[in-house]
Amino acid sequence: MKIPSIKGFHDVLPGESRRWAGLEARARAVFEQYNFHEIRLPIVERTELFQRSIGETTDIVEKEMYGFTDRDGSALSLRPEGTASVIRAYVEHALHAQEPVSKLYYFGPMFRRERPQKGRLRQFSQIGAELIGREDPAADAEVLLLLHDLLADFGIADAEVQVNTLGDATCRPAYRTALIAWGRAHRSELCEDCVRRLEQNPLRLLDCKQPGCTALRPSAPRMVDHACEPCRAHFERVLALLAGEGIEPRLQPYMVRGLDYYVRTAFEVIGRGLGAQSALGGGGRYDGLVRDLGGPDIAGIGFALGVERLAMVLATGSAAEPAGPEFVIAPLGALAEPAATALAHRLRRAGARVDLEPGGRSLKSQMRHAAKLGARYVIILGEDELASGTLTVRDMEAKLDRRQAASLRATADELRAALATPDPGLERRA
Ligand code: HAM
């Protein structure tokens, strides 16, 4: 009996994991350029952390969390996102007392019990960044520029960044009232969920994907039109700073995001060719969150990108095939195995990528396998080579065999030097 994996939980196999590693390496490089530092966080937190930050009436907290009661009775949950944990750690370790501004990034799995479909998993992975300790619009511009540079370095040229302002504690209550009034006026046209949302969390009305509700949306009031003067000035300054860099995100006045902690600037990255789950990433400002989680009144802004969705976008593009090993060592028979093991070990210690074939197969099948691996050179170790202490090397690109290209004791550099010097006396067509 086979034991299958769980619905919505995927394995990332070697071909795919290479693409992931490439994404993470490039992300790390860009984060370091912006002087962000990595933070590694636990995957399990107290459920209360997510209730208080993401919001009790959000879909995530209401129906998507993987929660359980620990043996000591505490309510714990697998994290559905990273920001809450970053701020929990920021407060717990009083990072604000060490430096006025913290710039943190993270990679890792998140868990949401959503209905699985293309691009939507129950365990998925995020690349995220948080800039904590600045409330000025230049910080928003910095984070959006970082996001822009990340996408460019990943080779994703056609994603669209959409922005909105969500107002703050001063102006959002009046907007909320306007939204409720609008919703009540259209009550009979709203879906069942939205009728419930109307009183509990009216901003969620703008997030509904039901055709009836989306058709109604253009008549809804817009936050931009209700923003107080400081919120409006903040938003305009962010957009002006970005425009100075030639970046003009699209204004999406009905974007509200699925988490309740946002204020002012909010944004999403929409990818092409992803179907219904088109958001590659999202983020925004969360100025009250540090305070709500027991810390001082410190502002913050950040974003997270979904790694599976990034990989899907890149898979349809021209993701370069990873290079094969530099050397494949093909021992012919058990007698050649000790010499083959020693040579492979020496070359690997010298930094070369080496694959060592098992000795019991024919030269032909070893060659076929080496070609499949994408080897640059195959080193053949048979009886003749062992007796004379030399190597036969097949150059897989030039399709040449070179006898005595180097001795059995050659270092990686000597071997490379010997192979780089053509010697027709030693070569024959493979
Ligand atoms: P979010 O929009 O909930 O934001 O998630 C960010 C990204 O994670 C999404 O755009 C998507 O690419 C990916 N994602 C979310 N759910 C799934 C899923 N079920 N399957 C696959 N991918 C998924 C946040 O999580 C915020 N913490 C972002 C943030 C950071 N805001 C401020 N700082």
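Figured I'd write up the structure that's included with this text. (Residues numbered from 1 in each chain as written. Predicted model: local features only at pLDDT ≥ 70, side-chain atom pairs only at ≥ 80, totals over all residues. Heavy atoms only, no water.)

**Things to note about empty space enclosed by the protein**
Cut-off, in case you're wondering: Think of a 1 Å grid over the protein atoms and nothing else: a 1.4 Å probe that fits but is trapped marks a cavity, an open set flanked by protein within 12 Å on at least five of seven lines marks a pocket, and residues with an atom within 4 Å of a point count as lining. Grid points are joined across faces, edges and corners, and a volume is the space filled by probe spheres set on the points. Runs of H or I in DSSP of at least four residues are treated as helices and runs of E of at least two as strands, each being numbered from the N terminus. We call Asp, Glu, Lys and Arg charged. Ala, Val, Leu, Ile, Met, Phe, Trp, Tyr, Cys and Pro are nonpolar, and the rest, Gly among them, are polar.
Tallying each qualifying case throughout the model produces two cavities of 30 Å³ or more. Taken as a whole, the largest cavity spans an internal volume of roughly 50 Å³. Counting residues per element, the ones that place at least two in the lining of the largest cavity are helix H3 (59-64) and helix H8 (192-200). The biggest single contributor to the lining of the largest cavity is H8, with three residues. A breakdown of the residues in the lining of the largest cavity according to their chemical character gives no nonpolar, three polar and five charged. Of the voids in this model, the second largest cavity is the one considered here, and its volume is about 30 Å³. What lines the second largest cavity is simply Asn164, Leu166, Tyr175, Leu203, Leu206, Met223, Pro253, Met255 and Val256.

**Considering the packing of helix H2 (residues 47-54) against helix H4 (residues 83-92)**
To keep things clear, this is the line we draw: Between the N-to-C directions of two axes lies an angle of 0 to 180 degrees, each axis being a line fitted to C-alpha atoms and, for a helix, fitted only over the stretch in contact. Throughout this description, any angle smaller than 35 degrees is read as roughly parallel, any larger than 145 degrees as roughly antiparallel, any in the 65 to 115 degree range as roughly perpendicular, and the remainder as oblique. Residue contacts follow a heavy-atom distance rule, with two residues in contact if any of their heavy atoms lie within 4.5 Å.
Their axes nearest at 10 Å, the elements H2 and H4 cross at an angle of 105 degrees. By the angle between their directions, the pair H2 and H4 is classed as roughly perpendicular. The residues of H4 that touch H2, namely those facing Leu49, Phe50 and Ser53, are Ala84, Ser85 and Arg88. Here the contact of H2 with H4 is built from residues that sort into three nonpolar, two polar and one charged.

**As for helix H6 (residues 137-154)**
Selection rule: Multiply 1.5 Å by the residue count of a helix minus one, and that product is the helix's expected span. Categorising residues by exposure relies on relative accessible area from a 1.4 Å probe, with only protein chains included: less than 20% of the type maximum marks a residue as buried, more than 50% marks it as exposed, and the intermediate range marks it as partly exposed.
Taking 1.5 Å of rise per residue, the 18 residues of H6 would be expected to cover 26 Å, and the 26 Å separating its terminal C-alpha atoms lies within 8% of that figure. Within H6, burial applies to Pro137, Ala139, Asp140, Ala141, Val143, Leu144, Leu146, Leu147, Leu150, Leu151 and Phe154. A positive backbone phi angle near 85 degrees is found at Gly155, which sits one or two residues after H6.

**Topic: the sheet that holds strand E11 (residues 300-306)**
Selection criterion: In short, DSSP must find at least two bridges between two strands for them to pair.
Spatial ordering of the open sheet is given by E1-E5-E6-E11-E10-E9-E7-E8, a layout of eight strands whose pairing is mixed. Each edge of the sheet is formed by a strand with only one pairing partner; in this case those strands are strand E1 (37-38) and strand E8 (250-251). Relative to E8, strand E7 (residues 160-165) is paired through two bridges, and the arrangement is parallel. For Val163, the partnering residue across the bridge sits in E8 and is Leu251. This element, helix H11 (residues 229-244), spans E7, E8, strand E9 (263-270) and strand E10 (279-285) of the sheet and lies at about 35 degrees to E9.

**Thoughts on the layout of surface pockets**
Gaps left between atoms are located by rolling a probe of water-molecule size over the structure's atoms. Put simply, the second largest pocket is a space of about 740 Å³. Along the wall of the second largest pocket there are 35 residues; nearest its centre are Arg172, Asp260, Tyr261, Tyr262 and Val263. For the lining of the second largest pocket, the secondary structure elements donating two or more residues are H2, helix H7 (172-185), E9 and helix H12 (289-292). Its residues assigned to classes, the lining of the second largest pocket comprises 13 nonpolar, seven polar and 15 charged.

**As for the packing of H6 against H11**
Applicable threshold: The sense of a crossing depends on the near helix, which, turned anticlockwise from the far helix by less than a right angle, makes the crossing left-handed and, turned clockwise, makes it right-handed.
Packing of H6 against H11 brings their axes to within 8 Å, and their N-to-C directions diverge by 45 degrees. With respect to each other, H6 and H11 are oriented oblique. Note that H6 runs across H11; the crossing there is right-handed. Here Pro137, Ala138, Asp140, Ala141, Leu144 and Leu145 of H6 come into contact with H11, specifically with His234, Arg237, Val238, Leu241 and Leu242. Across the contact of H6 with H11, the residue classes break down as eight nonpolar, one polar and two charged.

**Observations concerning helix H1 (residues 14-33)**
Keep this limit in mind: By construction, the arc corresponds to the directions joining the helix axis to the C-beta atoms.
Here H1 spans 29 Å end to end across 20 residues, near enough to the 28 Å set by a 1.5 Å rise per residue. Within H1 the residues assigned to the buried category are Trp20, Leu23, Ala27, Val30 and Phe31. Along the axis of H1, the buried residues cluster in a sector spanning 100 degrees; they form a single face. Set apart from the buried face of H1 by more than 90 degrees, the exposed residues are Pro14, Gly15 and Gln33. Note on H1: the residue one or two positions beyond its end, Asn35, has a positive phi of about 60 degrees.

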